[in-house]
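Single-letter residue listing:
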Amino acid sequence: MVTAVRPRPSQPREYRFPRFTEEVLANGLRLVVAPVKKLPLVTILVVVDAGSTIDPPGKEGLAALTADALLEGTREFDGAQLTERFEQLGTAVESGADWDSAFIKLTVLADHLDEAASLLGEAIASPAFPEREIERLKAERLAEILQLETEPRGLADEKFTEFVYAANSRYAKSDAGTAQSVAALSRSDVQSFFRGQYRSDSMTIVMAGAITPVMARDLVAKAFGRWASGAAERRALVASPRAATRTVNIVSKPDAPQSELRVGHVGLPRKHPDFFPAMVMNAVLGGLFGSRINMNLREEHGYTYGASSYFDWRRGPGPFVVATAVQSEVTAAALREIFSEIDRIRTDRITDEELSLACDYLDGVFPIRYETTTAIASALANLVIYALSDDYYDTYRKRVREVTLDDVLRAARAHLHPGKMQTVIVGDATAIKDSVAQLDLGELRVYAAQDD
Amino acid sequence: MRIPVETYELDNGLFVTLSEDHTAPIVAVNLWYHVGSANERIGRTGFAHLFEHMLFQGSAHVGSNEHFELIQRAGGTLNGSTWLERTNYFETVPSHQLALALWLEADRMGDLLPAMTQEKLDTQRDVVKNERRWAVDNQPYGTMLEKLQELAFPSTHPFHHSLIGSMEDLSEASLDDIAQFFATYYTPDNAVLSIAGDFERGEAQRLIAEYFGSIPRGRGKPPLPPMNLPPVFGRPAREVVPDDVSLSRLFLAFRSPVFGSAEYYAASVTSAVLGLRKGSRLHRSLVRDRQIASDAASYTFDLAKGSDLLVVDVTARPEIPPAQLEEEVEREIDAVYREGVTQLEVNRAIALIETDLVSSLQSAGERADRLSMFATYFRKPELINEQAAAYRAVTVDRVNALIAERLGPDNRASLMYVPRDGVESEPMLAAAVSAG
């Protein structure tokens, strides 16, 4: 039937990450442009140094609320009219904030680019922040927080960071804020956050797609003309761990058919010199379908639909985490396998086959990651957010290839800490508690879903 | 804007679509088998999807899970998915690895059974049961799809039963079932193959002939039971589900013209007018103005046979009781039914859809998947180039005619999730379970 002879690859074709230009305009805004000749589409992505780590203590969620409220009206149009004008152009603007930045983005057909850009420039230069819309957005966020109590995956993520970081770390609370902090936010908080953080020096406009640097410069000069100059605030980040030793925290969901598991600790900042070894090490441990943790828990044992591990890369040290959902009866057995895989990758060198699988994948998949204007724009934004070198994407594949077996072992030993692992389980506490306790993974406590 | 589309058929019935694009050294291989949960027999719900998992467990010349490993080692991405009417398998790889992706797909189409063992079936059955727990049983509103199918399609209809399947039926699936399903449905004449991206036409055709050419044609598949349904439900159907959720959420479904029909485009525009993005009728009214909902959306399922469903999906604010949510949504729909929608609303919807259509053609994988879809349902992959025009041809009159025909009170199936703790305070709703 089908030939048994495995095909060999043909000659690879060269790929280069899209060329881009970068400049600081007269109005202080930074402009990054990547012309991509493929389809008549342009993505505009505005990134602002106004992420959640700048939230003042007690006002967690302010960065997110400010970014959300940005598109809720200008001096000229109310929120509904503004939305209508964008959508009549066939584009929906999105805005939001994550830990490291706020973003406003849209993708539009090239025919409507001029109008969309000038509308966007106007919207973010003179937001009205209507009281009514701010209160509505707060209420929607509060509904989302309530929703989380019955959503095991989101709840596990949220509880995990709470148990990993010290109470005074911004990372210990959700980037969009808690019920208490969000309820206390006001319109004047939003206005003063906007005035302080949305300034020419802290703003970068990225454009990718059917556009040239000359066109982009004209467009931005016209549409994003007037900006308060000066630099935004930076706030020192506390990212110390909550506990010095291991703990196990069960968040009770009676009769849950599965346990949502999170195991990990404080990880590494994005600019850590071991970024590449740590990434390759994680690919072998739990970053790929064929990684040790997934093959063990899913393909060997059938405990789960999927299991993975990752470093959550941020400017500050985001968490390292192993995440999976397993059927309740095997909770303890699955945890034992997770801890044993972490020990194993710290004990012996991985094999040549494992290293080549990880590196061949990360190297080979690189072009596939940048097929769309939104993916290219967001990659360029990351250069700015993390202050990476201009040749970062041109040298990425080479740096992946340079990682050795010894680098991986060293990274595993230096950056995975079995003695500091925090375990969070959202599941049926009564059914799983005793067997989990026997694993001796640290002091065990049981919480209700809505506990603070 | 048009993308190139070339089609031909092998002697064994495999329908091939090629679409070249050399902007990046990336190529996508995509196979649709014309079999889905609709083809399952009684007592084997969930089997089409379980079978999809087994297709990653090796074939005559490929080891267990080796398909995943070889593609990832080649720098590619891959997966499969199962739907009511079809099952698809796809990989996107660097273009110099095209042969590998084609060979792997051919090997499992041609010669799957030697690799099937009881042990692998048992493990994948556990994996799928955990997928069900994860995506359905332990997830707020996770039962929405299967409950809506149950409510909206008569019990004898192939779209009535659960796609992921019941735990009992999954437990019953055997190796004999695997062999039979494979022989019946996984044949070249029941599949389409699409390649999109950076490849050389002659070389691709040569590889396809070499790998797929020797696979024998199937012996035909049993016909599906009659699928046609009246255009409206006739009488209202409703179910109230007390569940472990924090916010009430209403799924209101309407029978709607099947995917690809002329009327489908008017229905698709209608759903976008109602609930695509924040400027849509329902979002603006219920989320922004009246503030009784925390989210509102509308979409079509895009079913190509029998009847499609247009669904309105609204999540309440915490303080809004389910009865009020239902009332307010019905009132909005009644107003649309009575008064129709405006030219401006239709313009907005079509403008957004058009941008989405162009955006979706950026990735080779999505191109290939859409080519396979149009090839599977209509044998016309070139329809990919006619979508924008079909949408632009939808006038406000056509939309309002569709609304008059399909959004009336005689065509509504209502599926309401309510917080379990709150059920006592809503005795009337809780008692109203039934219908369909």
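See above for the structure.
Cut-off values and rules
- Residues numbered from 1 in each chain as written.
- Chains lettered and ligands numbered in written order.
- Predicted model: local features only at pLDDT ≥ 70, side-chain atom pairs only at ≥ 80, totals over all residues.
- Helix = DSSP H or I, 4+ residues; strand = E, 2+ residues; numbered from the N terminus.
- Rg over C-alpha atoms; globule rule 2.2 N^0.38 Å.
- Buried ≥ 20, exposed ≤ 12 C-beta atoms within 10 Å, placed from the backbone.
- Contact = placed C-beta atoms within 7 Å.
- Nonpolar A, V, L, I, M, F, W, Y, C, P; charged D, E, K, R; others polar.
- Pairing = 2+ DSSP bridges.
- Axes fitted to C-alpha atoms, helices over the stretch in contact; angles between N-to-C directions.
- Parallel < 35°, antiparallel > 145°, perpendicular 65-115°, else oblique.
- Left-handed = near helix turned anticlockwise from the far one by under 90°.
- Core = buried A, V, L, I, M, F, W, Y, C linked by C-beta atoms within 7 Å.

**Student:** Got a sec to walk through the overall build of chain A? Specific residues and values, please.
**Tutor:** Scanning chain A for helices and strands turns up 16 helices and 12 strands. Taking 22 Å as the expected radius of gyration for a compact globule of 452 residues, we find that chain A reaches 24 Å, a close match to that expectation. Each principal axis of the C-alpha atoms in chain A carries an extent, and together these give about 65 × 60 × 45 Å. Looking at chain A as a whole, 53% of its 452 residues are labelled buried. Once local pairs closer than 6 in sequence are excluded, the contacts in chain A between residues at least 24 apart make up 81%.

**Student:** Quick rundown of the interface of chain A and chain B? Include the residues and the values.
**Tutor:** Taken together, the contacts link 63 residues of chain A with 66 residues of chain B. Looking at the side of chain A that touches chain B, the elements that each hand over two or more residues are α2 (79-88), β5 (102-109), α4 (131-148), α10 (292-300), β9 (304-311), β10 (319-327) and α12 (352-364) of chain A. When the residues that make up the side of chain A that touches chain B are grouped by side-chain class, the tally is 31 nonpolar, 18 polar and 14 charged.

**Student:** Got a sec to walk through the sheet that holds strand β11 (residues 422-427) of chain A? Specific residues and values, please.
**Tutor:** Either a parallel or an antiparallel arrangement is found when strands of a sheet pair, and the pairing is made through backbone hydrogen bonds. Residues and elements named next belong to chain A. Spatially, the 6 strands line up as an open sheet ordered β9-β10-β8-β11-β7-β12, and their pairing is mixed. A single partner strand is all that each edge strand has here, and the edge strands are β9 and β12 (443-448). Strand after strand, the sheet turns through a mean of 15° between neighbouring axes, direction not considered. Bridge count between strand β7 (residues 247-252) and β12: 6 bridges; the pairing is parallel. Pairing of Ser252 across the sheet is with Ala448, part of β12.

**Student:** Outline the sheet that holds strand β3 (residues 26-33) of chain B, listing residues and values.
**Tutor:** Residues and elements named next belong to chain B. The 6 strands are arranged β1-β2-β6-β3-β5-β4 in an open sheet whose pairing can be described as mixed. Edge positions in the open sheet fall to β1 (6-9) and β4 (77-82), since each of these has one partner strand only. Across the sheet, the mean angle from the axis of one strand to that of its neighbour is 15°, orientation sign disregarded. Alignment of β3 against strand β6 (residues 191-197), held across 7 bridges, turns out to be antiparallel. Residue pairing across strands places Ala28 opposite Ala196, the latter belonging to β6.

**Student:** With reference to specific residues and values, describe the environment of A:Leu41.
**Tutor:** By secondary structure assignment, the location of A:Leu41 is in strand β3 (residues 41-48). Here A:Leu41 falls in the buried class, since 23 other C-beta atoms lie within 10 Å of it. Through-space distance from the C-alpha of A:Leu41 to that of A:Gln147 is 36 Å; in sequence the pair is 106 residues apart. Setting aside residues up to four positions removed in sequence, A:Leu41 forms contacts with A:Thr107, A:Leu109, A:Ala110, A:Gly209, A:Ala210, A:Thr373, B:Val358 and B:Ser359.

**Student:** Break down unusual backbone geometry for me, with residues and values.
**Tutor:** Residues and elements named next belong to chain B. Its identity as a non-glycine residue notwithstanding, Tyr141 has a phi of 60°, on the positive side. Topologically, Tyr141 is positioned in the loop between α4 (118-137) and α5 (144-152). You can call Tyr141 buried: it has 20 C-beta atoms within 10 Å.

**Student:** Outline the packing of α10(A) against helix α11 (residues 331-347) of chain A, supporting the account with residue identities and numerical values.
**Tutor:** Residue and element names in this part refer to chain A. Contact pair α10 / α11: the axes reach a minimum separation of 10 Å and the direction vectors enclose 155°. Judged by the inter-axis angle, α10 sits roughly antiparallel to α11. Like other packed secondary-structure pairs, α10 and α11 cross with a definite hand, here right-handed. Facing α10, whose interface residues are Arg292, Ile293, Asn296 and Leu297, α11 presents Ala334, Glu337, Ile338 and Glu341. For the contact of α10 with α11, the residue count by class is 4 nonpolar, 1 polar and 3 charged.

**Student:** Before we move on, can you summarise the packing of helix α1 (residues 62-69) of chain A against helix α7 (residues 187-197) of chain A with the specific residues and values?
**Tutor:** Helix-helix packing: each pair is described by the crossing angle between the helix axes and the interaxial distance. Residue and element names in this part refer to chain A. At a minimum axis distance of 9 Å, the contact between α1 and α7 shows a crossing angle of 85°. Taken together, the axis directions place α1 and α7 in an arrangement best described as roughly perpendicular. Residue-level contacts link Leu62, Ala63, Leu65, Thr66 and Ala69 of α1 to Asp189, Val190, Phe193 and Phe194 of α7.

**Student:** Outline the nonpolar core, supporting the account with residue identities and numerical values.
**Tutor:** Membership of the largest hydrophobic core comes to 277 residues, with the highest contact counts inside it found for A:Val46, A:Leu120, A:Val206, A:Val280, A:Ala358, A:Leu380 and B:Val269. In terms of residues, this core owes the most to one element, helix α3 (residues 98-110) of chain B, which gives 9 residues. Non-local contacts of A:Val206, meaning those with residues more than four positions away in its chain, are made with A:Val32, A:Leu45, A:Val47, A:Ala377, A:Leu380 and A:Ala381.

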